[in-house]
Amino acid sequence: MNRGRRIWIGVSLLAVCGFLSIKAFGQASRQEAMPQVPEKTAAQQFKNIQVLKDIPADQIIPAMEFIAASLGVDCEFCHVEHAFDKDEKKPKLTARKMMEMMMTINRENFDGHRQVTCYTCHRGTAKPLATPIITAEMHMPEMTASAPAPALALPKPEELLDKYLAAVGGADALKKILTRVERGTVTAFGDQKLPIEIYSKAPDERVSIMQMKQGESVTAYNGKQGWLSFPGRVHMMNAQESAEARIDADMNFAVDVPRMFQKFDVQPGEQIDGKDSWLVVGQNEGQPPLKLYFDQKTGLLIRMLRYVDSPLGYNPTQVDYADYRETGGVKIPFRWTLARPGGRFTIQVDQVQRDVPIDDAVFAPPKPPEPH
């Protein structure tokens, strides 16, 4: 893949933090941000689409991301660079057959539910895995019966969400903050450190600007619609992407999260950075879940796991939060690490200002570049 294109997709989309389909926010974004025009299909917008012809055009890239993550490859594994419509590479022809096979398996064996995906066989490798892998640490099943572990008393989801809200400072303190400006560095591409500025304005406007050698990489949401920009490229977010960006822009997330889902479940969470956690899973019918990991002692959010629902499977994004500090009566993470298959980066905040004037022009969408 062209390095400039890979940086823009890999970093800018990671900055958006993956897709979070929230029913109330998603519907609002769709009504406010998206013009009422017929949605193009993939076949109408792209050349030489043969399998995923009838899906919405804006779902092609998430589908390609899922394939790349499942096989651990870049775009040029299947496609001719700068000529994606050509059929000169055998892996592209094979990929079409594999997608059709996967769809047939799900249709004929799982009532059309997506149980088998590219990742089911590939597990991050270009060739499907047919032989079990021997790992350094073997976990063999117990061959003798043992006494069952005692049942763990689980807290109620509303208790954990209330504890989280109290831990960050409470609803009144959160709602008092009108603006926030954060400055720090992004560690990405190994050990490269890049400057970043994040401008937030209540209730849900946010712009992050990362300084790269090629220019500014921007991820933004202005309360109605989001966009990504990189020198020479601008991508206006669709309804799903805007809903996702709106979550990251929500300055009152701890107040709003209980209203975002129809159902919450609690499970014992894993140990994260030496901290025991509770896992709260938010669910809306027909949408990917949102997994929130809360520190059992402090109640603070230490991990969020969410998924992009592509036509071929879920694309996961994990965000780990750390270094919570109080600023203006509210605790916020000064460090967070975003990870998706094939890449991760860490943002470390060094300076925070609250309730400082922010020019509305900061949240104005850019003009699309002239077509090449």
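See the structure printed just above.
Residues numbered from 1 in each chain as written. Predicted model: local features only at pLDDT ≥ 70, side-chain atom pairs only at ≥ 80, totals over all residues. Heavy atoms only, no water.

Caption draft 1: Structural view of the overall build of the protein. Looking only at helices and strands, the protein features 10 helices and 13 strands. Considering only residue pairs separated by 6 or more positions, the protein has 52% of its internal contacts joining residues 24 or more positions apart. A total accessible area of about 20,500 Å² is found for the protein, and carbon and sulfur atoms account for 53% of it. (Helix = DSSP H or I, 4+ residues; strand = E, 2+ residues; numbered from the N terminus. Contact = heavy atoms within 4.5 Å. Areas by Shrake-Rupley, 256 points an atom, 1.4 Å probe, with all protein chains shown as cover.)

Caption draft 2: The arrangement of the environment of Ile-247 in detail. Positionally, Ile-247 belongs in helix H9 (residues 239-249). The class of Ile-247 is buried, set by a relative accessible area of 4%. The sequence separation of Ile-247 and Glu-205 amounts to 42 residues, and the corresponding C-alpha distance is 10.0 Å. (Buried < 20%, exposed > 50% of the residue type's maximum accessible area, 1.4 Å probe, protein only.)

Caption draft 3: Up close: the layout of surface pockets. Looking at the second largest pocket, its volume works out to about 470 Å³. Lining of the second largest pocket is provided by 22 residues; of these, Leu-71, Thr-94, Met-98, His-122 and Pro-128 occupy positions nearest its centre. When residues of the lining of the second largest pocket are traced back to their parent elements, those giving at least two are helix H4 (60-71), helix H5 (90-109) and helix H6 (118-122). Taken together, the residues that form the lining of the second largest pocket break down as 16 nonpolar, 4 polar and 2 charged. (1 Å grid on protein atoms, 1.4 Å probe; cavity = no way out; pocket = protein on both sides within 12 Å on 5 of 7 lines; lining within 4 Å. Points joined across faces, edges and corners; volume = space filled by probe spheres on them. Nonpolar A, V, L, I, M, F, W, Y, C, P; charged D, E, K, R; others polar.)

Caption draft 4: Broad picture of the packing of aromatic side chains. For the structure on display, the rule yields 3 aromatic pairs. Consider the rings of Tyr-307 and Tyr-314, whose centres lie 5.6 Å apart with planes at 35°: the pair is tilted. We classify Tyr-307 as buried; its relative accessible area is 13%. (Phe/Tyr/Trp six-rings, centres within 6.5 Å; stacked < 30°, edge-to-face > 60°.)

Coordinates in, geometry out; function isn't part of it.
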